[in-house]
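Here's the letter readout for the chains.
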Amino acid sequence: MRDHWGDTLQPALVQHVELTAIAVVIGFAIAFPLALLAHRYGRLEHPVGVVSALLYTIPSLALFQLLIPFSGLTWTTVEIALVSYTLVILFPNIMAGLHSTPDEVLEAAQGMGLTRLQVLLRVELPLAIPAIVGGLRVAVVSTVAIATIAAFLLPDGLGYPIVLALKEPTPFKTEIYSAGGLAIAFAISCDLLLVALRRALAPWAVTGLA
Amino acid sequence: MSAAAEIVFDHVTKRYAGRDAPALDDLSLEIPAGTFCVLVGPSGGGKTTALKMVNRLIPFDSGDIRIDGRSVRDLPLTELRRGIGYVIQQIGLFPHQTVGENIATVPRLLGWPKRQTAERTVELLELVGLEARDAERYPAQLSGGQRQRVGLARALAADPPLLLMDEPFGALDPITRFRLQTELRRLHREVGKTVIFVTHDVDEAIQMGDRIAILREGGVLAQYDTPDAILAHPADDFVAQFVGEDRALRRLALRTLRDVTLEPGSQSEPGSRVSPDTTVRNAVSLMLETGDEQLVVVDGDRVLGVFHLRDAGELL
Ligand SMILES: Nc1ncnc2c1ncn2[C@@H]1O[C@H](COP(=O)(O)OP(=O)(O)OP(=O)(O)O)[C@@H](O)[C@H]1O
Ligand SMILES: [Mg+2]
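Residues numbered from 1 in each chain as written. Chains lettered and ligands numbered in written order. Predicted model: local features only at pLDDT ≥ 70, side-chain atom pairs only at ≥ 80, totals over all residues. Heavy atoms only, no water.

Caption draft 1: Broad picture of the site of ligand 1. Residue and element names in this part refer to chain B. Around ligand 1, the structure places Tyr-16, Arg-19, Ala-23, Ser-43, Gly-44, Gly-45, Gly-46, Lys-47, Thr-48, Thr-49 and Glu-167. For ligand 1, an oxygen atom lies 3.0 Å from a polar atom in the backbone of Gly-46. Thr-48 is positioned with one of its side-chain polar atoms (N or O) 2.7 Å from an oxygen atom of ligand 1. Here ligand 1 loses 63% of its free accessible area of 640 Å² to cover by the protein chains. Taken together, the residues of the shell around ligand 1 sort by class into 2 nonpolar, 6 polar and 3 charged. (Near = heavy atom within 4 Å. Polar contact = N/O pair within 3.5 Å; in protein donor to acceptor, adjacent residues only side chain to side chain. Areas by Shrake-Rupley, 256 points an atom, 1.4 Å probe, with all protein chains shown as cover. Nonpolar A, V, L, I, M, F, W, Y, C, P; charged D, E, K, R; others polar.)

Caption draft 2: View of a nonpolar patch on the surface. Residues and elements named next belong to chain A. A cluster of nonpolar side chains, contributed by Ile-22, Ile-26, Ile-30, Leu-34, Leu-37, Tyr-41 and Leu-44, occupies part of the molecular surface with about 540 Å² of accessible area. Following the sequence through the fold, Ile-22 ends up in helix α1 (residues 4-40). Residue Ile-22 is classed as partly exposed on the basis of its relative accessible area of 34%. (Patch = residues over 30% accessible without salt bridge, like charges linked within 9 Å, V, L, I, M, F, W, Y side chains within 5 Å. Salt bridge = Lys/Arg side-chain N within 4 Å of Asp/Glu carboxyl O. Helix = DSSP H or I, 4+ residues; strand = E, 2+ residues; numbered from the N terminus. Buried < 20%, exposed > 50% of the residue type's maximum accessible area, 1.4 Å probe, protein only.)

Caption draft 3: Highlighting helix α8 (residues 173-201) of chain A. All names here are of chain A. The end-to-end C-alpha distance of α8 is 42 Å, a good match for the 42 Å that 29 residues give at a rise of 1.5 Å each. Within α8 the residues assigned to the buried category are Glu-175, Ala-179, Ala-183, Phe-186, Ala-187, Cys-190, Leu-194 and Val-195. Its buried side turned inward, α8 meets α1, α6 (116-147) and α7 (159-167). (Expected span 1.5 Å × (residues − 1). Contact = heavy atoms within 4.5 Å.)

Caption draft 4: Quick look at the nonpolar core. Formed by 44 residues in total, the largest nonpolar core has its most connected members in A:Phe91, A:Ile94, A:Leu98, A:Leu114 and A:Val123. Broken down by secondary-structure element, the contributors of at least two residues to this core are α1, α4 (75-98), α5 (103-111), α6 and α8 of chain A together with α4 (105-109) of chain B. Top contributing element to this core by residue count: α6(A), with 13 residues. In contact with A:Leu98, not counting residues within four places along its chain, are A:Ala35, A:Leu36, A:His39, A:Leu120, A:Glu124, A:Leu125 and A:Ala128. Residues B:Leu93, B:Ala135, B:Leu163 and B:Ala222 belong to the second largest nonpolar core, which totals 43 residues. (Core = buried A, V, L, I, M, F, W, Y, C linked by side-chain atoms within 4.5 Å.)

Caption draft 5: Region of the structure containing the layout of surface pockets. All names here are of chain B. Empty space within the largest pocket amounts to approximately 800 Å³. For the largest pocket, the lining is made up of 27 residues, of which Ile-206, Gln-207, Met-208, Ala-253 and Leu-254 are closest to its centre. For the lining of the largest pocket, the elements supplying multiple residues, two or more each, are α7 (174-191), α8 (202-208), α9 (227-232) and α11 (247-253). Examining the composition of the lining of the largest pocket, we find that 8 residues originate from one element, α7, more than from any other. A class-by-class count of the residues in the lining of the largest pocket yields 7 nonpolar, 7 polar and 13 charged. Residue-level mapping places the lining of the largest pocket at the junction of two domains, with at least three residues from each of domain 1 (7-251) and domain 2 (255-315). When its volume is computed, the second largest pocket comes out at roughly 520 Å³. Along the wall of the second largest pocket there are 23 residues; nearest its centre are Gly-100, Glu-101, Ala-104, Arg-108 and Thr-117. (1 Å grid on protein atoms, 1.4 Å probe; cavity = no way out; pocket = protein on both sides within 12 Å on 5 of 7 lines; lining within 4 Å. Points joined across faces, edges and corners; volume = space filled by probe spheres on them. Domains from an automatic or database assignment.)

Caption draft 6: A look at the packing of helix α2 (residues 45-57) of chain A against α4(A). All names here are of chain A. At a minimum axis distance of 9 Å, the contact between α2 and α4 shows a crossing angle of 145°. Here α2 and α4 pass one another in a crossing that is left-handed. In this structure, α2 contributes Glu-45, Val-48, Gly-49, Ser-52, Leu-55 and Tyr-56 to the contact, and α4 contributes Ser-84, Tyr-85, Val-88, Ile-89, Phe-91 and Met-95. Across the contact of α2 with α4, the residue classes break down as 8 nonpolar, 3 polar and 1 charged. (Axes fitted to C-alpha atoms, helices over the stretch in contact; angles between N-to-C directions. Left-handed = near helix turned anticlockwise from the far one by under 90°.)

Caption draft 7: Molecular detail of helix α6 (residues 144-156) of chain B. With 13 residues, α6(B) extends 19 Å between its outermost C-alpha atoms, agreeing within 8% with the 18 Å of an ideal straight helix rising 1.5 Å per residue. Extensive coverage of α6(B) is indicated by the burial of 10 of its 13 residues.

Caption draft 8: Representation of the pairing of strand β3 (residues 36-40) of chain B in the model. Residue and element names in this part refer to chain B. Of all 5 residues in β3, 5 are buried, a share of seventy percent or more. Burial of β3 is two-sided: the residues Phe-36, Val-38 and Val-40 facing one way and the residues Cys-37 and Leu-39 facing the other way are all buried. Relative to strand β8 (residues 194-199), β3 runs parallel, the two being bridged by 5 bridges. Within β8, the position partnered with Cys-37 by the bridge is Ile-196. As paired strands, β3 and strand β9 (residues 211-216) are joined by 4 bridges and run parallel to one another. Bridged to Val-38 within β9 is Ile-212. (Pairing = 2+ DSSP bridges.)

Caption draft 9: Seen up close, empty space enclosed by the protein. Residue and element names in this part refer to chain B. Applying the stated criterion to the full structure yields 3 cavities of 30 Å³ or more. Approximately 50 Å³ is the volume attributed to the largest cavity. Broken down by secondary-structure element, the contributors of at least two residues to the lining of the largest cavity are β6 (84-88) and α6. Top element by residues in the lining of the largest cavity is β6. It accounts for 3 residues. When the residues that make up the lining of the largest cavity are grouped by side-chain class, the tally is 8 nonpolar, 1 polar and 2 charged. The volume enclosed by the second largest cavity comes to roughly 40 Å³. Around the second largest cavity sit Val-40, Val-202, Ala-205, Ile-206, Ile-212, Ile-214, Ile-230, Phe-242 and Val-243, which together line it. Looking at the lining of the second largest cavity, the elements with two or more residues in it are α8, β9 and α10 (237-243). Top element by residues in the lining of the second largest cavity is α8. It accounts for 3 residues.

Caption draft 10: Here's a closer look at the interface of chain A and chain B. Listed as interface residues are 21 residues of chain A and, on the opposing side, 25 residues of chain B. Across the interface of chain A and chain B, roughly 2000 Å² is buried in total on both sides, 69% from carbon and sulfur atoms. The three residues of chain A that bury the most area against chain B are A:Glu107, A:Met112 and A:Arg122, which together make up 32% of that side's buried surface. Note that A:Glu107 is salt-bridged to B:Lys52, the shortest N-O span being 3.5 Å. For the pair chain A and chain B, the number of links is 5 residue pairs in polar contact (both at pLDDT 80 or more). At the level of secondary structure, the elements contributing two or more residues to the side of chain A that touches chain B comprise α5 and α6 of chain A. The leading source of residues in the side of chain A that touches chain B is α5(A), at 7 residues. Taken together, the residues that form the side of chain A that touches chain B break down as 12 nonpolar, 6 polar and 3 charged. (Buried area = accessible area lost by both parts, 1.4 Å probe.)

Geometric descriptors of this kind do not, in isolation, establish any biological role.
In structure tokens, the structure reads:
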């Protein structure tokens, strides 16, 4: 009998972590400055929002197919699709966070003589943290899920053992269960980490009184 | 302690875009340094507009506002605002910062050393009736009244010579409001700053103000004088109606038995015993209630004198 963990599952998990991490990091690196710009120049918010919403309506498998003529059966194709989804989740959440500062808090900040940049850095961004982390949680969990579909294109990620097992005349249930279980465990671990991050960065938001 | 500032509104007019009627119509007002000036009037009279022009949260069209002779337009915006305490009804504390951090906002902007800021914070908490350990709490963990105390401490932090307050107690229950009104008066006596205080409540205006400016709809100044002078001589029917029919009684409420000349009397004098801090209005009310013609004013065991019902009318 093959060593499932060493031969198949462990590499698949590492690939899956990489696929997810790259997608979320790049998605955030694009969504965050874009949201800051849209927050500063209000006119941008709507167009960006519409484009992201459209992207989200395309089924992931279809999006992979659409991209193959351009970038082939590569990680680039997979990542472009995954990044698009994280963008769609992160951008509106970061926007909502930046908009969540109550009017009277802004008025008080202005009245005390904070500059526009100081208002952003000392008031709006800290107050946006719960919404931003909330967006990251959804983005990470859904990316972990969507990344399994990448196995239809590439022999990588936790989706691959599942695809292989499904092709057998009598599918190996253990492969399906253990790969799926790993994906769920990975998603839950990320989520717990992010909850801890929010507690650390926004202690005021977890007192339960805000 | 920095000195108080003199504020002058010099023919200030403001018309909001898309509105025909001005929100503020040729307002001229001189507020001497150290004065507690109340802007009062019906809703839409332009009180908030007038206040927010001083720290330039709202730009004005014509005329000028000067602080100690200097136009507010000549100062850099941030410098102007850091030198003015600003308190609003909704308070606007930073929810993500502790009470201590909230209070330290302006000192921090001004680059005060950490130690000085920390000492000042403790001093301010005591000044506004909070405890030093409240510095660690978040705004969400405070009551409305405590929050407004923090708002006041935050506005006073860098010891500005001018304090702007827009209906600061408007959202509080009557008991808390009364307590904070009393404390703000005491605080004003202690720190001696110029205060511009907006309210639509005539009682509050009379209780708090050294001077009252009454603004009517359309942003027109109806009268600007001391509470006593306004009650004694309302400029017109609008003012008379605005301050109420019971003007005489309201005037009596402005004075305590300490302020009136008492007739000498001894321990054997008949009549209820009252403290010299009783208002003349309450003294009259008590006599009407008991049917007595006189009261004995006592300070502890000592008799200060006798106050007669007929003397009350002569005070008006
Ligand atoms: N941003 C604005 N744009 C247009 N009109 C405004 C604006 N702010 C105030 N106004 C108008 O200007 C007038 C004066 O408003 P202001 O808020 O100064 O009155 P106020 O005396 O503070 O009233 P209140 O007691 O209700 O607070 C009102 O008619 C109001 O509708
Ligand atoms: Mg107002």
